[in-house]
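Observations on chain architecture
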Amino acid sequence: MMESRMTRNCHVRFGERYEETHQSQDWKVRFVPTPLSPLLSNIALHGLENRIKQIKGASLIRYADDFVIFHENLEVLKQCHKIICEWLTQLDLELKPGKTQIVHTLNELDDKKPGFDFLGFNIRQYKIGKYQSGKNPYGKVLGFKTIIKPSDESVRRHYRKLSEIIKRLNATPQVKLIKELNPIIRGWCNYFKSVCSKEIFSGLYHLTHIRLRRWADRRHPNKNKHWVSYKYWTRIGNDNWVFGCKYKDNSFELIKHPKIAIKRHIKVRGTKSPYDGDSLYWAKRQGKHLELKDSTAKMLKRQEGKCNWCQLTFQEDDVIEDDHIIARKAGGDNSLNNRQLLHKHCHDEKTREDLKAIKAYKQDKEWQKLTQWFNNQNWEWVDDIPTLITGQRYS
């Protein structure tokens, strides 16, 4: 299967203001991006997706004024290129040749490496054996697998930023360095945690550790490495190399790239919007929604939108009720871990089972009460029968 990519950047930069400077009687114009740029790009290019969908088999993915077109046929891609140029001409726009290219995601094409970078990600297909190969929607083995990971440029830019901060804060306290680095590490890892980033995270942590080691050794040139290690690194659990410190009775530690868990992204349905009124779908996906209680939304996400009794997916018109997994009268509490969402008719069936559990729970409590009372009395075994010595009676 052949997949190609074509990106574009317009010569016109949407939503930018310019500033004029006067130096030696030469006027210079400096463009300053504004937050309106992506919004105006979306408005200007609205409808481009529908135009590409008219071509059989072609699909377009767009973010603001950057987009990618996929198709298995090279000639169809060239046709898409021509159509887009004509479509943009009506808006007095054009593709930027330096950022427009056609590549193959599996094989080399015109001496270009396979794969492409888009929004900081590298998308490429790798040849692989049949046991780990990807499959098409019909279950056919393709012989390759699509891997998405952070692009090399994104990794270099991220590490360069960390290095610059460490170098700039060479003489500042450790706690300030940690506060500067943590938001950058957390934000970058959260952006890439939905793809194959585990090895890259580990490599970045190794490079950052080396850079921090140089930072610490440089501050104490007359101390040995063991002394420096005990001063700036601490132990938390089984990890002996946590870059952290205590400041004003609070503990601070540097976030490690590999500690950010990889979590696959679940694609949003193409017709869904947070404002379409489908609170059930968005609560199941995000665990929260403005029209639902927080507890209800969290349970929907935990149950993956299914009834815990019949295991059927909730529909928009279903009556959903909150139920205690262990009934309150059977010893259960009101915590979120002891609650679940059920269909109304499933809740009725669950209640019949709860009544049996409540009856057994009460009998057990009565037996425990009787046993406790009897153990507090003076009694002895007489002919294999426990008998009260004082002749007291249970009342």
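Below: a short report on this structure. (Residues numbered from 1 in each chain as written. Predicted model: local features only at pLDDT ≥ 70, side-chain atom pairs only at ≥ 80, totals over all residues. Heavy atoms only, no water.)

A closer look at the pattern of salt bridges
For the structure shown, the criterion picks out 9 salt bridges. For Arg-62, the salt bridge identified is with Glu-49, shortest N-O distance 3.0 Å. Here Arg-62 is found in strand β3 (residues 59-63), whereas its partner Glu-49 is found in helix α2 (residues 48-53), with 13 residues between them in sequence. Classification of Glu-49 by relative accessible area gives partly exposed; the value is 22%. In this structure, the salt-bridge partner of Glu-153 is Arg-156, at a minimum N-O distance of 3.2 Å. Of the two residues, Glu-153 and Arg-156 are both situated in helix α4 (residues 152-168); the distance of 3 residues between them amounts to about one turn of the helix. You can call Arg-156 partly exposed: its relative accessible area is 46%. (Salt bridge = Lys/Arg side-chain N within 4 Å of Asp/Glu carboxyl O. Helix = DSSP H or I, 4+ residues; strand = E, 2+ residues; numbered from the N terminus. Buried < 20%, exposed > 50% of the residue type's maximum accessible area, 1.4 Å probe, protein only.)

Some words on the layout of surface pockets
Its boundaries defined by the atoms lining it, the largest pocket holds a volume of some 1,700 Å³. Lining the largest pocket we find 37 residues, and of these Ile-61, Phe-70, Ile-148, His-265 and Lys-267 sit closest to its centre. Elements supplying a minimum of two residues to the lining of the largest pocket: α2, β3, β4 (66-70), β5 (116-118), β6 (121-127) and β7 (144-150). Per-class residue counts for the lining of the largest pocket are 20 nonpolar, 8 polar and 9 charged. (1 Å grid on protein atoms, 1.4 Å probe; cavity = no way out; pocket = protein on both sides within 12 Å on 5 of 7 lines; lining within 4 Å. Points joined across faces, edges and corners; volume = space filled by probe spheres on them. Nonpolar A, V, L, I, M, F, W, Y, C, P; charged D, E, K, R; others polar.)

Here we look at the packing of helix α6 (residues 198-219) against helix α7 (residues 225-232)
Between α6 and α7, whose axes approach to 10 Å, the crossing angle comes to 110 degrees. Classified by the interaxial angle, the pair formed by α6 and α7 is roughly perpendicular. Note on packing geometry: the crossing formed by α6 with α7 is right-handed. Residues Arg-213, Trp-215, Ala-216, Asp-217 and Arg-219 of α6 touch α7, and the partners they reach there are Lys-225, Val-228, Ser-229 and Tyr-232. (Axes fitted to C-alpha atoms, helices over the stretch in contact; angles between N-to-C directions. Parallel < 35°, antiparallel > 145°, perpendicular 65-115°, else oblique. Left-handed = near helix turned anticlockwise from the far one by under 90°. Contact = heavy atoms within 4.5 Å.)

Details of helix α10 (residues 344-375)
Counted at 1.5 Å a residue, the expected span for α10 with its 32 residues is 46 Å, and the 46 Å between its end C-alpha atoms agrees. Taken together, the buried positions of α10 are occupied by Cys-346, His-347, Lys-350, Asp-354 and Ile-358. On its buried face, α10 is in contact with β11 (320-324) and β12 (339-343). (Expected span 1.5 Å × (residues − 1).)

Describing the sheet that holds strand β10 (residues 250-253)
Spatially, 3 strands are ordered β8-β9-β10 in an open sheet, and the strand pairing comes out antiparallel. Two strands lie at the open edges of the sheet, namely β8 (233-236) and β10, each paired on one side alone. For this sheet, the mean angle separating the axes of adjacent strands, direction not counted, is 60 degrees. Across the face of the sheet, helix α5 (residues 174-192) comes into contact with β9 (239-247) and β10 while running at roughly 110 degrees to β9. Docked against the sheet, α7 engages β8 and β9, running at close to 55 degrees with respect to β8. (Pairing = 2+ DSSP bridges.)

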